[in-house]
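Residues per chain, in single letters:
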Amino acid sequence: MLNEIHLNFLIQSGDNNQGYVGNNSLNWANAVYPNYREIDYSLDKQFDRDYLFAYCRNQNNNHFNVLIAILSWGGMRRSHGRLLFDNLDHLLPIIQNLRTGFYQSRQTAFEAFQQERNKKHLPGLGIGYFTKLICFLRPELNGYIMDQWVSKSINLLTGKNIVSITSDSWVNDSNDSGTYENFCDQIDQIAEKLNCDGFKAEERLFSVGRGRGEWRKYLIKNYY
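Let me begin by describing the structure that accompanies this report. On a predicted model such as this, the values are computed, not experimentally measured, just so you know.

Comments concerning helix α10 (residues 177-194)
Relative to the 26 Å expected for 18 residues at 1.5 Å per residue, α10 spans 25 Å between its end C-alpha atoms, a close match to the ideal helical length. Of the positions making up α10, those classed as buried are Ser177, Thr179, Tyr180, Phe183, Cys184, Gln186, Ile187, Ile190, Ala191 and Leu194. Residues of α10 that are buried sit in contact with α1 (4-13), α7 (106-118), α8 (127-137), α9 (148-158) and α11 (198-206).

Pasting the structure below:
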């Protein structure tokens, strides 16, 4: 059961366009992995969501470059990127499995990342970031981005602590694939109320950063 007061505000706040998010992808790549020879120079831009989906869907763009596009779009810290890129042997097989349809559900995709994360093989790649990879690399799974802002939105709208958030507002590593399934299911239900698909509902819950989005301002004011 969704809180009607919060839901009505979300509906009335309308569709805030996120616009461009994060860094210039080529600049980010050169700072994180400067000696890699296969960087795609078409990454010399800031992606919006629609173009990022299209870029990742194009199988001519290799696994490394779609990874750069997503992480830079998401604004990953360069120091975290350097740590992660020292462990690509553990990450690129999961990327390949996502893009080739090996994972049959968003839960199994989540578990693949979490298992490597628990083994300390994916430093710098928390849940907020590896769910971005699920979202953009295999949209057929309807796996949404479980970052702090969308997670707090789900907790507020449901009145439940569905996603565990740390004291410093990060998505806690203790959240498992069952949590992720519940989180995505809640977004699917909200999408029905908003008369849109789940990806658009997730985008509206994220709103616009730095307090510029109406829903973001409302969430900051009302989140318990």
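Brief notes about the packing of helix α3 (residues 49-57) against helix α4 (residues 63-73)
Closest axis-to-axis distance for the α3/α4 pair is 10 Å, and the angle between their directions is 165°. In this view, α3 runs roughly antiparallel relative to α4, as classed from their interaxial angle. Here α3 and α4 pass one another in a crossing that is left-handed. In this structure, α3 contributes Arg49, Leu52, Tyr55 and Cys56 to the contact, and α4 contributes Asn65, Val66, Ala69, Ile70 and Trp73. Residues belonging to the contact of α3 with α4 are distributed by class as follows: 7 nonpolar, 1 polar and 1 charged.

A closer look at the nonpolar core
Within the largest apolar cluster, 71 residues are counted, with the highest numbers of intra-cluster contacts made by Leu71, Phe85, Leu91, Phe113, Leu125, Leu133 and Phe183. Discounting residues that sit within four places of it in the chain, leucine 91 has contacts with Leu67, Leu84, Phe113, Leu122, Leu125 and Leu133.

Description of the side chain of lysine 132
In this fold, lysine 132 is placed in helix α8. Aspartate 147 provides the closest opposite charge to the buried, salt-bridge-free lysine 132, at an N-O distance of 4.9 Å. If sequence neighbours within four positions are ignored, lysine 132 has contacts with Ile70, Trp73, Gly74, Ile145 and Asp147.

Observations regarding the packing of aromatic side chains
All chains considered together, the criterion is met by 18 aromatic pairs. For the pair phenylalanine 47 and tyrosine 51, a centre-to-centre distance of 5.4 Å together with 25° between the ring planes defines the contact as stacked. Through a chain of ring-to-ring contacts, three or more aromatic side chains come together here, namely Phe53, Trp73, Phe136, Tyr144 and Phe199. Sitting over the face of the ring of tyrosine 129, lysine 132 holds its NZ or CZ atom 4.4 Å from the ring centroid.

About the cut-offs
- Residues numbered from 1 in each chain as written.
- Predicted model: local features only at pLDDT ≥ 70, side-chain atom pairs only at ≥ 80, totals over all residues.
- Heavy atoms only, no water.
- Helix = DSSP H or I, 4+ residues; strand = E, 2+ residues; numbered from the N terminus.
- Expected span 1.5 Å × (residues − 1).
- Buried < 20%, exposed > 50% of the residue type's maximum accessible area, 1.4 Å probe, protein only.
- Contact = heavy atoms within 4.5 Å.
- Axes fitted to C-alpha atoms, helices over the stretch in contact; angles between N-to-C directions.
- Parallel < 35°, antiparallel > 145°, perpendicular 65-115°, else oblique.
- Left-handed = near helix turned anticlockwise from the far one by under 90°.
- Nonpolar A, V, L, I, M, F, W, Y, C, P; charged D, E, K, R; others polar.
- Core = buried A, V, L, I, M, F, W, Y, C linked by side-chain atoms within 4.5 Å.
- Lys, Arg positive; Asp, Glu negative; His and termini not counted.
- Salt bridge = Lys/Arg side-chain N within 4 Å of Asp/Glu carboxyl O.
- Phe/Tyr/Trp six-rings, centres within 6.5 Å; stacked < 30°, edge-to-face > 60°.
- Lys NZ or Arg CZ within 6 Å of the ring centre and 35° of its normal.

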